[in-house]
Amino acid sequence: MDRIIRCITTDGSIMASAVETTDIVYTAQQIHHTSPVTTAALGRLLSAASLMGNMLKKKDAVITLKIKGNGPAGAIVAIADSNGNCRGYVEHPEVMVPNKPNGKLDVGMAIGSEGLLSVMRDLGEGEPYIGQVELISGEIGDDISQYFAVSEQIPTVCAVGVLVDRESSQSLLSGGMLIQVLPGADSAAIEKLERNVAVLEPVTTMLAKGMSMEDMCRQALDGFEMEILDESPVKYVCNCSEDKVTRALSTLPPDDIRTLADESGKMEAKCQYCGKSYEFDQQQL
């Protein structure tokens, strides 16, 4: 079962979160029929969204991450609630690109290194906060770190990864870490963290070794006293419903609604996040 934890050093200088999203990414791959590289791209963004959503800590809060680069994968979207439950989709899930020379999936090529990362926080009270930064690599982890540095002035390390089986193209492991320097951290704490980050193993390597979320945070915070703030299970969750589809259709002009039915007198609306279909007949329209 996927799980997320948040930790803080006892001196209050560093925050670290870790999430395993193996089941979430497997579910996303089954729903969207993603290629290996788009599985990795969507999986990384889902992990980042889960980590960032879990930071909101307000019951009805929601965070939406959208990456739109100049690569063939098109737009990629991930949405998470304040518990870290998430959902997402990729515009062109079938896209394939050559692997990197070292054999790894080239997520940066699929997404593109030019474009925007948009972050929208909706706390359920008033207008949502929206921030944007230009992509620096399309590898997602680097781009999330850049977002925090530029938009929120918080020194951040975001590491996300997805391991895909080369033969079956099936996702095997997925997860992420988010490490932030908090106000008041002294130079000694920052230097210690920088040394830790420099030797930190990839997330999928740590997961493959059987390391728990606590183990991963302890490795990132080696040399610090660490306290676990909270932990919870996380899932791929979609909140679509017939009522929401009906409300969305109702925003269209009446004449447009009447033309939505096909030759059989029905129309089908499919959720882009979970693939569930909702059918409306001519009378309902």
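Residues numbered from 1 in each chain as written. Predicted model: local features only at pLDDT ≥ 70, side-chain atom pairs only at ≥ 80, totals over all residues. Heavy atoms only, no water.

Describing the packing of aromatic side chains
Reasoning step 1: For the structure on display, the rule yields 2 aromatic pairs.
Reasoning step 2: Between Y89 and Y273 the ring centres are 5.3 Å apart and the planes differ by 70°, which places this aromatic pair in the edge-to-face class. Placement of Y89 in strand β5 (residues 86-90) and of Y273 in the loop between β11 (266-270) and β12 (277-281) is noted, with a sequence separation of 184 residues between them. Pair check on accessibility: Y89 and Y273 agree, each one buried.
Reasoning step 3: Judged by centre distance (5.4 Å) and plane angle (70°), the ring pair of Y147 and F148 falls under edge-to-face.
Reasoning step 4: The exposure class of F148 is buried, given its relative accessible area of 1%.
Reasoning step 5: Sitting over the ring of Y273, R87 keeps its end group 5.2 Å from the ring centre.
Reasoning step 6: Directly above the aromatic system of F224 lies the positively charged group of K192, at a separation of 4.5 Å from the ring centroid. (Phe/Tyr/Trp six-rings, centres within 6.5 Å; stacked < 30°, edge-to-face > 60°. Helix = DSSP H or I, 4+ residues; strand = E, 2+ residues; numbered from the N terminus. Buried < 20%, exposed > 50% of the residue type's maximum accessible area, 1.4 Å probe, protein only. Lys NZ or Arg CZ within 6 Å of the ring centre and 35° of its normal.)

A look at the sheet that holds strand β3 (residues 62-69)
Reasoning step 1: Read from one edge of the open sheet, 5 strands run β5-β4-β3-β6-β7, paired in antiparallel fashion. Strands at the two margins of the open sheet, each flanked by one partner only, are β5 and β7 (129-134). Mean inter-strand twist for the sheet, computed between neighbouring axes without regard to direction, equals 10°.
Reasoning step 2: Judged from the 7 bridges that link them, β3 and strand β4 (residues 75-81) form a sheet pairing that is antiparallel. Looking at β4, one finds that K68 is bridged to A75.
Reasoning step 3: Together, β3, β6 (115-122) and β7 form the strand contacts of helix α4 (residues 141-151), whose direction differs from that of β7 by roughly 115°. (Pairing = 2+ DSSP bridges. Axes fitted to C-alpha atoms, helices over the stretch in contact; angles between N-to-C directions. Contact = heavy atoms within 4.5 Å.)

Some words on the pattern of salt bridges
Reasoning step 1: The tally for this structure, following the rule as stated, stands at 12 salt bridges.
Reasoning step 2: R6 serves as the salt-bridge partner of D230, at 2.8 Å between the closest nitrogen and oxygen. With D230 in strand β10 (residues 226-233) and R6 in strand β1 (residues 3-9), the pair connects residues that are 224 residues apart, well separated along the chain.
Reasoning step 3: Among the residues examined, D230 registers a relative accessible area of 22% and is labelled partly exposed.
Reasoning step 4: Residue class for R6 comes out buried when judged on its relative accessible area of 13%.
Reasoning step 5: Here R247 makes a salt bridge to D243, at a shortest N to O gap of 2.3 Å. Of the two residues, R247 and D243 are both situated in helix α8 (residues 242-249); the distance of 4 residues between them amounts to about one turn of the helix.
Reasoning step 6: By relative accessible area, which is 47% here, R247 ends up partly exposed.
Reasoning step 7: Each of R3, E214 and E231 takes part in salt bridges that share partners, so that together they form one network. (Salt bridge = Lys/Arg side-chain N within 4 Å of Asp/Glu carboxyl O.)

Looking at the side chain of N196
Reasoning step 1: Its place among the elements puts N196 in helix α5 (residues 187-198).
Reasoning step 2: By relative accessible area, N196 is classed as buried at 10%.
Reasoning step 3: Excluding residues within four positions of it along the chain, N196 makes contact with Q219, A220, L221, D222 and F224.

Details of α5
Reasoning step 1: The first and last C-alpha atoms of α5 sit 16 Å apart over 12 residues, in line with the 16 Å expected at 1.5 Å per residue.
Reasoning step 2: Residues A189, L193 and N196 constitute the buried set of α5. On an axial view of α5, the arc spanned by its buried residues comes to 60°, and they lie on one face. Counted as exposed and oriented over 90 degrees from the buried face of α5: S187, E194, R195 and A198.
Reasoning step 3: Lining the buried residues of α5 we find β2 (14-20), β9 (171-181) and α7 (213-220). (Expected span 1.5 Å × (residues − 1). Arc of directions from axis to C-beta.)

Examining the sheet that holds β10
Reasoning step 1: Strand order in the open sheet formed by 5 strands is β8-β9-β2-β1-β10, and the pairing between neighbours is antiparallel. Strand pairing shows two members of the sheet lacking a second neighbour, β8 (156-164) and β10, which therefore form its edges. Taking each pair of neighbouring strands and ignoring which way they run, the sheet shows an average axis angle of 10°.
Reasoning step 2: Relative to β9, β8 runs antiparallel, the two sharing 9 bridges. What sits directly across from C158, in β9, is L178.
Reasoning step 3: Relative to the sheet, helix α2 (residues 36-54) contacts β1, β2, β8, β9 and β10, its axis offset from that of β8 by approximately 140°.

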